[in-house]
Structure formats: structure tokens, C-alpha cells
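Chain by chain, the residues:
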Amino acid sequence: MLKRKWLPIAMSVILGAALAGCGSSTDGKKTEAGGSETQTDKKTYKIAISQIVEHPSLDATREGFLAALKDAGLSEGDNLKVDYKNAQGDQATNLSIAQTIASNKEDLVFTIATGSTQAVVKQVKDKPIVFASVTDPVDAKIVSNLEKPGGNVTGVSDTNPAAVQRLTDFIAKYFPNVKTVGLVINEGEPNAEVMAKNAEELFGKHNIKLVRAAVTNTSEVKQAAQSLVGRSDAFFTTLDNTVVSGVDSIIQVANQNHIPFFSSDYDTVEKGAFATVGFKYFDHGYEAGKIAVDILKNGKNPADIPIKMQEKLDVVLNLKAAEAQGVTVTDEMKNEVQDKDNYILNK
């Protein structure tokens, strides 16, 4: 009788445990469907990053990219392995990095700047590639079509024709005495050359002449800037990786000679140029990161993801740089800035 009395209780305990076990399994599946995977099912993603050179805009692009991945649940040291390589402006190293990436096994490659992207695109055919900080991906032969890039490549371009147009309009409006603008440029960089030709045309519409000082590496930037003193009323730089890497020299020459310095990127203004029409490269990299997440986690095909252009633009002013370069900043100039909290610096 004792055995019969306890049998239902024993069966109930066993059944309860079994149901509890089933409940745990179901919960695990629900969690996985919700985006947070269980320990057993957790996948570790591997990505390679190739960056052409170290400077604030490109570094901020990389940081923004990784932040987007982190916000989507992909964190270094947890479920993300990142193999980051920097060519430090050396083309042989850049090619070597691309070849190494081609032979390794990664889930995705992120390339920063035109030179890095060109090298990787030529070498890597079996992995998704997402690029950023590329001025003209069609002219650079990275993709043939912005809307339908095809192949294994997509990304975000850091140019918007309206940016240089608005900047040249700003200079013509508030600096009527500027008749010549000095440009330090590495003519071997495709993105720099494309932007320089566009700027020359836009400055020309205001009867402003663009005067070039060519360089082949960063060590020549200071001398090139000095050669423009007396030949130009203002300085201007494009998204030229060689020049931006040595931009401290241009800032120094501009400050010493009270020459207004206009750049093409936010980060150079943050460092000490006076003004630009642009955006934060962290945000630019974040957009590229969102594309990478779509590929890695949502199974999107790079061939079907249109190239994104940089849409959010604003006037950026550095008031401390203005003082150093002999510029009087008027209220009218400040009113050109839409987001005054973030784009008027050193108030």
C-alpha cells in the first residue's frame, strides 16, 4: 500500500522535472529568436579591417563602425573577433594586407578609404566587403553602379556634392577679399583629385582661383603649405589621406600667417582648421556598421545593398581657430550652423 500511495507522487515529481526541462529548452529558443543567443548556439563572427593610414577622420570611421556592431550585439572579446591592419600610407603594405585578408577566413571585410578598398576588392572575391571613407566608388572602379553595386561589395561614400558647393558659397559670401585659395594635394590619390577638380570648378564660379601645391607623402605637407603663403588668401584641403595625416603642419602655417583654413572634414576643423561643411566621421562609420550587421546577422547580399551617400551636412566652425587665423566670426556666420551645440567648437 505504501508503494501505491507514493507512486503517483513520484510520477508527478518526474513529470514536473521533465516539463521544467522542456520549459528551459523552449525559453532558450525564445531567447535566441529574440536576438540574444544561448551559450551553446552563440556564434563568434570574424571580421578584418583594412585602413590606409592613421588620422582622426579614418580612426573615427572605424570607431563608429565597431560601435554599430556593438549596438547590434556584436562585441569584441565576446562574440566578435577583429583583425585590424593599418598600412600607414605605404602602398606595398596596403597590398600585402589585402593579400593576407584574401587568404584568411573571415565573415566580412571592412575597408577604410579608397586605397584600402581598391586593394581588397582586387584580392578578395569570396567574402562580403563593406567600405567607408571612399569619395567616388564608381570612378575608383570599386563598384560600377551605386544603386546595384553587384558582386561582393557595398558601403558608404563620404562625399556629397552639396558639401563643397556650400563651402565655396560660404567663403565667397563671408570672405569677399579671398581671390585665391591654396590647396595642398597628393595628386596620386584618386579621391583627392576628384574633389580638387570639383572644388576648382565651384571656386571658379565665384571668380576664386585654386592654387595647388603637390606632395607625394606626409613629410612634404609643411613645406607645401609654406610655399602657398603669399600666393593664396586662404587654405583648403580635400579628403586627401596623405595631407590630412600631416594637417597639423597646415594648421601651424595658417596660424602663424593669419590665413583662414577651410577643410573638407569635421575632424580637421576639430583639430584646428577654421570651417567646413561636413559631418562627423563617427556617424559615417556607424552607417557602414549598420550595413555590416545587415549582412552578418540578417543574411543580406552586398550586391543588393545600394551605396549610401552622406546626407546630413552642416556648417562647422572652430572659434579658437578663427581667432588664431585672424578671422572675425559674425553672428551671421554662426547662424549658418543648424546644430550649434555640436558644430560650433571651442565656444
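Further up the page is the structure itself.
Residues numbered from 1 in each chain as written. Predicted model: local features only at pLDDT ≥ 70, side-chain atom pairs only at ≥ 80, totals over all residues. Heavy atoms only, no water.

Enquirer: Which residues make up helix α4 (residues 114-123), and what values do they have?
Expert: The set of residues buried in α4 consists of Thr114, Ser116, Thr117, Ala119, Val120 and Val121. Where α4 is buried, its residues touch β1 (45-51), α3 (91-103), β3 (108-112), β4 (129-134), β5 (153-157) and α6 (190-204). (Buried < 20%, exposed > 50% of the residue type's maximum accessible area, 1.4 Å probe, protein only. Helix = DSSP H or I, 4+ residues; strand = E, 2+ residues; numbered from the N terminus. Contact = heavy atoms within 4.5 Å.)

Enquirer: Describe the packing of aromatic side chains, and please don't skip the residues or the numbers.
Expert: Describing an aromatic ring pair means giving the distance of the ring centres and the angle of the ring planes. Applying the stated criterion across every chain, the model contains eight aromatic pairs. Ring plane angle 55 degrees and centroid distance 4.9 Å describe the contact between Phe170 and Tyr174, whose orientation is recorded as tilted. Taken together, the positions of Phe170 and Tyr174, both in helix α5 (residues 161-174) and four residues apart, correspond to about one turn of that helix. An angle of 35 degrees between the planes, with centres 4.9 Å apart, marks the rings of Phe279 and Tyr281 as tilted. Residue Phe279 is classed as buried on the basis of its relative accessible area, which comes to 6%. Grouped by ring-pair contacts, the aromatic residues Phe175, Phe262 and Phe274 constitute a single cluster. (Phe/Tyr/Trp six-rings, centres within 6.5 Å; stacked < 30°, edge-to-face > 60°.)

Enquirer: A description of the pairing of strand β6 (residues 180-185) should follow, citing residues and the corresponding values.
Expert: With six of six residues buried, β6 lies mostly within the body of the structure. Where burial is concerned, the two faces of β6 agree: the one with Thr180, Gly182 and Val184 and the one with Val181, Leu183 and Ile185 are both buried. Bridging between β6 and strand β7 (residues 209-214) involves six bridges; their strand directions are parallel. Each bridged residue has a counterpart across the sheet, and for Gly182 the counterpart in β7 is Val211. Considered for its hand, the β-α-β crossover made up of β6, α6 and β7 is right-handed. Where β6 and strand β8 (residues 234-236) come together, three bridges link them in parallel fashion. (Pairing = 2+ DSSP bridges. Right-handed = clockwise from strand over helix to strand, strands pointing away.)

Enquirer: Tell me about a nonpolar patch on the surface, and name the residues and values.
Expert: Nonpolar side chains collect at one region of the surface, where Val138, Leu146 and Met309 lie side by side and expose about 200 Å² of accessible area between them. Overall, Val138 belongs to the partly exposed group, its relative accessible area being 36%. (Patch = residues over 30% accessible without salt bridge, like charges linked within 9 Å, V, L, I, M, F, W, Y side chains within 5 Å. Areas by Shrake-Rupley, 256 points an atom, 1.4 Å probe, with all protein chains shown as cover. Salt bridge = Lys/Arg side-chain N within 4 Å of Asp/Glu carboxyl O.)

Enquirer: I'd love a proper account of the sheet that holds β3, names of residues and values included.
Expert: If you walk across this open sheet you meet the five strands as β2-β1-β3-β4-β5, and the pairing is parallel. Single-partner strands in this sheet number two, and they are β2 (80-86) and β5. Averaged over all pairs of adjacent strands, the angle between strand axes in this sheet comes to 15 degrees, irrespective of strand direction. In this structure, β3 lies alongside β4, joined through four bridges in parallel fashion. Across the sheet, residue Ile112 finds its bridge partner in β4, namely Ala132. Contacts from helix α2 (residues 56-71) reach β1, β2, β3 and β4 within the one sheet, and its direction differs from that of β1 by about 165 degrees. (Axes fitted to C-alpha atoms, helices over the stretch in contact; angles between N-to-C directions.)

Enquirer: So what's going on with the nonpolar core? Residues and values would help.
Expert: Among the nonpolar cores identified, the biggest contains 61 residues, and Phe170, Phe175, Val184, Phe236, Phe262, Phe274 and Leu317 are the most heavily contacted of them. Ranked by size, the runner-up nonpolar core spans 43 residues in total, among them Ala113, Ala119, Val120 and Ala292. (Core = buried A, V, L, I, M, F, W, Y, C linked by side-chain atoms within 4.5 Å.)

Enquirer: Describe the environment of Leu108, naming the residues involved and giving the relevant values.
Expert: Following the sequence through the fold, Leu108 ends up in strand β3. Separated by 187 residues in sequence, Leu108 and Ile295 place their C-alpha atoms 8.4 Å apart. For Leu108, the residues in contact, after removing those within four places along its chain, are Lys46, Ile47, Ala48, Phe65, Pro128, Val130, Ala292, Ile295 and Leu296.

Enquirer: Mind laying out the pattern of salt bridges, listing which residues take part and the relevant values?
Expert: Considering all chains together, one arrives at twelve salt bridges under this definition. One salt bridge in this structure joins Lys173 and Glu332, with 3.9 Å as the shortest N-O distance. Residue Lys173 is located in helix α5, and its partner Glu332 is located in helix α13 (residues 331-334); the two are separated by 159 residues in the primary sequence. Taking relative accessible area as the criterion, Glu332 reaches 47% and is therefore assigned partly exposed. A salt bridge links Lys300 to Asp294; the nearest nitrogen and oxygen atoms lie 3.5 Å apart. Judged by relative accessible area, Asp294 falls into the partly exposed class, the value being 25%. It is possible to trace a salt-bridge network through shared partners that takes in Lys173, Glu332 and Glu336.

None of this, on its own, says anything about what the molecule does.
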